[in-house]
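Observations on the three-dimensional arrangement
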Amino acid sequence: MIDLDRIYMEMALRLAEEAGRNDEVPIGAVVVKDGKVIGKGRNRTLALNDPTAHAEMDAITAAANTIGSRYLNGATMYVTLEPCPMCAGALWLARIDRLVYAAHDPKAGAIESLYRMHDDPRLNHRYPVTAGVLEDQAADLLRDFFQKKRGKRRAADC
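Computed from a prediction, not measured in an experiment: that's the story for all the values here. (Residues numbered from 1 in each chain as written. Predicted model: local features only at pLDDT ≥ 70, side-chain atom pairs only at ≥ 80, totals over all residues. Heavy atoms only, no water.)

1. Section: the overall build of the protein chain
A tally of helices and strands in the protein chain yields five helices and five strands. Scanning the protein chain from its N terminus toward the C terminus, one meets helices and strands in the order α-β-β-α-α-β-α-β-β-α. Dimensions of the protein chain, computed from the C-alpha atoms along their principal axes, are close to 55 × 35 × 30 Å. Per-residue burial for the protein chain yields a buried fraction of 41% across its 158 residues. Look at the contacts in the protein chain between residues 6 or more apart in sequence, and 55% of them connect residues 24 or more apart. Counting every atom, the protein chain has about 8,600 Å² of accessible surface; 51% of that belongs to carbon and sulfur. (Helix = DSSP H or I, 4+ residues; strand = E, 2+ residues; numbered from the N terminus. Buried < 20%, exposed > 50% of the residue type's maximum accessible area, 1.4 Å probe, protein only. Contact = heavy atoms within 4.5 Å. Areas by Shrake-Rupley, 256 points an atom, 1.4 Å probe, with all protein chains shown as cover.)

2. Some points on the packing of aromatic side chains
Using the criterion set out here, one finds two aromatic pairs in the structure. Between the aromatic rings of Tyr8 and Tyr78, the centroid separation amounts to 5.2 Å while the plane-to-plane angle is 40 degrees, which identifies the pairing as tilted. Placement of the pair is Tyr8 in helix H1 (residues 4-21) and Tyr78 in strand E3 (residues 75-81), with a sequence separation of 70 residues. With centroids separated by 5.1 Å and ring planes inclined at 85 degrees, the aromatic side chains of Phe145 and Phe146 adopt a geometry described as edge-to-face. (Phe/Tyr/Trp six-rings, centres within 6.5 Å; stacked < 30°, edge-to-face > 60°.)

3. Remarks on unusual backbone geometry
A positive phi is found at Arg95, a non-glycine position, where the angle reads about 60 degrees. Along the chain, Arg95 turns up in the loop between helix H4 (85-94) and strand E4 (98-103). Of note in this structure, Leu134 is not a glycine but carries a positive phi near 55 degrees. Tracing the backbone through its elements, the reader meets Leu134 in the loop between strand E5 (129-131) and helix H5 (135-157). Of the residues examined, Leu134 reaches a relative accessible area of 6% and is grouped as buried.

4. A few points about the layout of surface pockets
Empty space within the largest pocket amounts to approximately 470 Å³. Along the wall of the largest pocket there are 20 residues; nearest its centre are Ile27, Leu81, Asp105, Leu142 and Phe146. Element by element, the count of residues in the lining of the largest pocket is highest for H5, at four residues. Of the residues in the lining of the largest pocket, the class split is 11 nonpolar, four polar and five charged. Roughly 220 Å³ of internal volume is contained in the second largest pocket. Lining the second largest pocket are 12 residues, with Gly20, Arg21, Asp144, Phe145 and Lys148 sitting closest to its centre. Of all the elements in the fold, those that place two or more residues in the lining of the second largest pocket are H1 and H5. If you tally residues by element for the lining of the second largest pocket, the top one is H5, at six residues. Among the residues making up the lining of the second largest pocket, the classes are represented as four nonpolar, one polar and seven charged. (1 Å grid on protein atoms, 1.4 Å probe; cavity = no way out; pocket = protein on both sides within 12 Å on 5 of 7 lines; lining within 4 Å. Points joined across faces, edges and corners; volume = space filled by probe spheres on them. Nonpolar A, V, L, I, M, F, W, Y, C, P; charged D, E, K, R; others polar.)

5. Concerning the sheet that holds E4
Two modes of strand pairing occur in sheets, parallel and antiparallel, and in both the strands are linked by backbone hydrogen bonds. Judged by pairing direction, the sheet is mixed, and its five strands sit side by side in the order E2-E1-E3-E4-E5 without closing on themselves. A single partner strand is all that each edge strand has here, and the edge strands are strand E2 (36-42) and E5. Averaged over all adjacent pairs, the angle separating strand axes in this sheet is 15 degrees, with direction ignored. Of the strand pairs in this sheet, strand E1 (residues 28-33) and E3 are connected by five bridges, and their pairing is antiparallel. (Pairing = 2+ DSSP bridges. Axes fitted to C-alpha atoms, helices over the stretch in contact; angles between N-to-C directions.)

Written out as structure tokens, the structure reads:
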């Protein structure tokens with residue numbers, strides 16, 4: 001049987017790699033509805049000089065424009081890193097139906113690591129989450145990116 005979660009996460013990983021090649025933190029996101037990709041995104045905070053230009057925000061905007069609605073009912077977000085509070089809030093506002101993410105984010109994750117925004121009973125929309133899809137690949141991509149960054153800083157300090 002075809003594992004669609006893996007296929008769409010591989011797509012998000014390719015977007016993350018593209019972000020990394022552009023010196024952005026390598027995170028990618030894909031929004032799927034009715035078996036079709038309706039939005040894609042990658043981190044672009046440096047390119048746009050915008051702290052809100054996270055992969056999830058990029059993908060949500062693209063998906064909303066594709067379907068002509070601010071609500072993404074029936075859609076699933078695939079993202080390579082657990083969303084931060086801003087992005088988890090955007091998923092809530094967009095009424096996403098499901099979230100699939102690869103790697104946990106112990107420093108800023110708002111889905112399971114620090115907060116549980118997706119199932120907070122105080123909010124008027126909740127959505128199921130699948131975590132750990134291609135987690136090793138996503139974590140390796142992030143680890144390699146930051147090791148290279150630290151290596152460049154050390155070399156510049158010499």
